[in-house]
Each structure stands twice: as structure tokens, then as C-alpha cells.
Amino acid sequence: MKKITILIVLLPSIALFSQNTIKVYHEKKGDTLSLYADNQAIYPMSLVFAGVPEVENMKIPKPFKTTQVIPAKSVKNKIGFFVVADKMKSWKVKNIPGYMMYIGDVTLKNYDKDYHYDLPFKKGRSFNIYQGYNGTFSHQNENSLDFTMPEGTEVVAARDGLVTDLVSTSNIGCPTRSCVDKANYITILHPDGTFA
């Protein structure tokens, strides 16, 4: 009988890099240059800038936030603006610092730390744990559980939420970390803003 291993990673907040989910752009109106961000993803995204913009002959009326959370499925979120100081002189934005995009709200502090996750199989069934928290193989510094289950066993949600990412096409595996990028997985956004 072939066995499959199920891995559950519990993440109070997630900081995974995402690609091309946020569009950052600017618009000029009169003497004001505004920066905006659109987020087409079904989950909030965090923009974390490496610093604050550098400007010449421009004021930054509100302090620029280096970490900003962009709501899911939203457009034209103002992330900063600059106003020309002296209209008789030239002006420019010398540098907009680089930024990273992260899935979820990296500023999340209030979430259900005491939530009790269900097991990933139907009630009344039991399976052996292949590897537990802070395991020696692949769970260093992770609150993760691997269950050994016969192939074809129905896997059920450990907690309600929205599926935000899914890979189910890999049939490659190995007993070393070199195969970690070949794993099948499901990522779920929970109502309190955490992911698993």
C-alpha cells in the first residue's frame, strides 16, 4: 500500500514573497504627484519599502509609511503623495525606494492565538504522525505536522477559510530538503487574517 504524507504548517502571519500581484503607479494632478497601488489578489498584500522617497523641491505632507497593507481586490489605494514646494523652480522625485510584496498583513498583531485546529482527516479516523513540531528532517523552527496516510485518503480542512493558493500537480518527492520546492500544498486564509 502506497503512503502519502500530509504536512500542515500553521502561520500566525505570513511573509511569503508574491509576484506581480500589486501594481504601483503614480498620477500627477496640478502640483501634486500621488502614488497608488492596485491589488488584484483575493487576499490583502503588504508592501514593505526599503526607505522613504527622496524628493527635490517637493514637500511630503504626510509621513510616508514604509509598511503598507493593500486590501484584497482593490484599486487606487493612495500610498503617498508629494506637493511641489516652489512652482517657479524645477522639482523631481529623485528616488522611490525598492519594495517587497508579501502575502497577507505583515502588521497583524490581533489574531486567535488559541485556535484549536482540527486534524486534516475525518473525525473518528486516526493516523500516525510521521514528523512533529520542530522535527529533525524538515520542520526546524516550524509548527508543522506530517501524517502518514494511505493514498486516496480524504483530506479535510483543519480550519475554515479561503483557499488562496494550490499546487496539486507534483508527483516528485524525496527525503531531503532539496525537494521542498516540489511539494503539493494548499494555502488557506483564515477569517482572523492568518494563513495555514
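Since we're looking at a predicted model, the values are computed, not measured.

Calculation criteria
Residues numbered from 1 in each chain as written. Predicted model: local features only at pLDDT ≥ 70, side-chain atom pairs only at ≥ 80, totals over all residues. Heavy atoms only, no water. Core = buried A, V, L, I, M, F, W, Y, C linked by side-chain atoms within 4.5 Å. Buried < 20%, exposed > 50% of the residue type's maximum accessible area, 1.4 Å probe, protein only. Helix = DSSP H or I, 4+ residues; strand = E, 2+ residues; numbered from the N terminus. Contact = heavy atoms within 4.5 Å. Pairing = 2+ DSSP bridges. Salt bridge = Lys/Arg side-chain N within 4 Å of Asp/Glu carboxyl O.

(A) View of the nonpolar core. Counting 19 residues, the largest nonpolar core has Ile22, Ala37, Tyr43, Met45, Leu47, Ile70 and Ile79 as the members making the most contacts within it. Listing elements by their share of this core, those giving two or more residues are β3 (32-39), β4 (45-49), β8 (74-84) and β10 (99-103). Among all residues touching Ala37, those that are not within four sequence positions of it are Ile22, Lys23, Val24, Tyr25, Leu47, Ile70, Val75, Lys76, Asn77 and Ile79.

(B) Focus on the sheet that holds strand β2 (residues 22-29). In space, the four strands of this open sheet follow the order β2-β3-β8-β6, with antiparallel pairing throughout. This sheet does not close on itself; its edge strands, each paired only once, are β2 and β6 (58-59). Pairing of β3 with β8 involves seven bridges; the strand directions are antiparallel. Note on β8: the bridge partner recorded for Leu35 is Gly80.

(C) A look at the pattern of salt bridges. Applying the stated criterion across every chain yields a total of five salt bridges. For Lys87, the salt bridge identified is with Asp31, shortest N-O distance 3.7 Å. A residue pair is termed long-range when its members are at least 10 positions apart, and Lys87 in the loop between β8 and β9 (92-95) and Asp31 in the loop between β2 and β3 qualify at 56 residues. Given the relative accessible area of 25%, Asp31 is considered partly exposed. A salt bridge links Asp118 to Lys123, with the shortest nitrogen-to-oxygen separation between them at 3.9 Å. Residue Asp118 is classed as partly exposed on the basis of its relative accessible area of 37%. On the basis of relative accessibility, which here comes to 73%, the residue Lys123 falls in the exposed class.

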